[in-house]
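# Close look at the chain arrangement
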Amino acid sequence: MAEAPIGGFVLVVGPSGAGKDTVIAAARARLAGDPRFVFPRRLVTRPPSAHEDNAEIAEADFSRAAAAGAFPLHWRAHGLGYAIPPDALEEAARGRIVVCNVSRRVIEAARRTLPSVHVVAITAAPETLAARLAARGRPEDGDLGARLARTVRTEADATVANDGDRSVAAAGFVAILLDRAGRR
């Protein structure tokens, strides 16, 4: 008898500028066509940019859906609303591993409410983070010194350092995903 698919969530966390979206995009490209994985675009109350491939949602629509409990996970940060799309929970129930970039502050809630949560922290040295944030130039990044000084304790199941060659970090992340799926 064949084993049932694993399913669940791999939640990617880390400080701004660590390269979470870059590492996720590389994994999405590497695993394209592998039916065990899905990489939904998170919903954000701002347009997508070169640094973040999100699906834009209007503030009123976000607020209404969040109040109705329509999102598997949602949060606010830097004056914006963020959410995992509703169909992500259905994908996990079908046995797929759903890979999402989320705030470190929602991990505890995710572990309580989502099935089979595995947290991967993407990290980088403070000087790397500072350079990346300065290059982005987004208004919500604000005071870079204060942003870099902010720490959020994260109970991660795995960590990927993203200071050097991003392909190395991406390969490490893909290895974690394949291991999670039960086959390398």
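Notes on the structure in this doc start here. (Residues numbered from 1 in each chain as written. Predicted model: local features only at pLDDT ≥ 70, side-chain atom pairs only at ≥ 80, totals over all residues. Heavy atoms only, no water.)

### Some words on the packing of aromatic side chains
The test is simple: For this analysis, a ring pair means two rings from Phe, Tyr or Trp (six-membered ring only for Trp) whose centres lie within 6.5 Å, classed as stacked if their planes differ by under 30 degrees, edge-to-face if by over 60, and tilted for the remaining angles. Here's how the labels work: a residue is buried when its accessible area is under 20% of the maximum for its type, exposed when over 50%, partly exposed in between, all with a 1.4 Å probe on protein chains only.
Counted according to the given criterion, the structure contains two aromatic pairs. Judged by centre distance (5.5 Å) and plane angle (25°), the ring pair of Phe62 and Phe71 falls under stacked. By relative accessible area, which is 2% here, Phe62 ends up buried. For Phe71, a relative accessible area of 9% translates into the label buried.

### Here's the deal with the sheet that holds strand β9 (residues 158–161)
As a reminder, the rule being used: The pairing criterion is simple: DSSP has to find at least two bridges between the two strands. Only DSSP runs of H or I with at least four residues qualify as helices, and only runs of E with at least two residues qualify as strands; both kinds are numbered from the N terminus onward. Contacts between residues were defined by any pair of non-hydrogen atoms, one from each residue, lying within 4.5 Å. Fitted lines through C-alpha atoms serve as axes, helices being fitted only where they are in contact, and the angles separating the N-to-C directions of these axes extend from 0 to 180 degrees.
Read across the open sheet, the five strands follow the order β2-β7-β1-β8-β9; overall the sheet is parallel. Each of the sheet's edge strands pairs with one partner strand only, and the pair in question is β2 (37–38) and β9. In this sheet, strand β8 (residues 117–123) lies alongside strand β1 (residues 8–13) in parallel orientation, the contact comprising five bridges. In the sheet register, Val13 faces β8, and the bridge partner there is Ala121. Those strands touched by helix α1 (residues 20–30) are β1, β7 (97–101) and β8, and its axis lies near 155° from that of β7. Along the sheet face, helix α7 (residues 166–181) touches β1, β2, β7, β8 and β9 and points at about 160° away from the line of β9.

### Describing the environment of Leu73
Note on placement: Leu73 falls in strand β5 (residues 73–77). Taking C-alpha positions, Leu73 is 5.7 Å from Ala83, a pair spaced 10 residues apart along the chain. Once residues within four sequence positions are removed from consideration, Leu73 is found in contact with Tyr82, Ala83, Ile84, Val102, Val106, Ala110 and Leu114.

### A word on the sheet that holds strand β3 (residues 43–44)
Taken in spatial order, the four strands of this open sheet run β4-β3-β6-β5, and their pairing is mixed. Here the strands that pair on one side only, and so sit at the sheet edges, are β4 (55–56) and β5. In this structure, β3 lies alongside strand β6 (residues 80–84), joined through two bridges in antiparallel fashion. Pairing of Val44 across the sheet is with Tyr82, part of β6. Sheet contacts for helix α2 (residues 59–67): β5 and β6; angle to β5, the most-contacted strand, approximately 130°.

### Quick look at the pairing of β7
In terms of burial, β7 is a largely internal element, five of the five residues being buried. Of the two faces of β7, the one lined by Ile97, Val99 and Asn101 and the one lined by Val98 and Cys100 are each fully buried. Sheet topology places β1 next to β7; five bridges connect them, and they run parallel. Each residue of the ladder has a partner; that of Val12, found in β7, is Asn101. Bridge analysis of β2 against β7 gives two bridges, and the strand direction is parallel.

### Description of α2
Filter applied, for reference: Relevant arc is that of directions from the helix axis to the C-beta atoms, nothing else.
Taken as a whole, α2 has its buried residues at Phe62, Ala65 and Ala66. Buried residues of α2 fall within an arc of 100° about the axis and therefore sit on the same side. Opposite the buried face of α2, by more than 90 degrees, sit the exposed residues Arg64 and Ala67. Those residues of α2 hidden inside the fold are in contact with β5 and β6. Looking one or two places after α2, you find Gly69, whose phi comes out positive at around 75°.

### Thoughts on the nonpolar core
Note the following rule: Residues enter a nonpolar core if they are buried and are Ala, Val, Leu, Ile, Met, Phe, Trp, Tyr or Cys, with the set joined through side-chain atoms within 4.5 Å.
With 24 residues, the main nonpolar core has Phe37, Phe39, Val99, Val120, Phe173 and Leu177 as its most contacted residues. Elements supplying a minimum of two residues to this core: β1, α1, β7, β8, β9 and α7. Sorting elements by how many residues they give to this core places α7 first, with seven residues. What Phe37 contacts, discounting residues up to four positions off in sequence, is Leu31, Arg96, Ile97, Leu177, Leu178 and Ala181. Counting residues in each nonpolar core, the second largest holds 23 residues, with Val13, Ala77, Leu80 and Val98 among its members.

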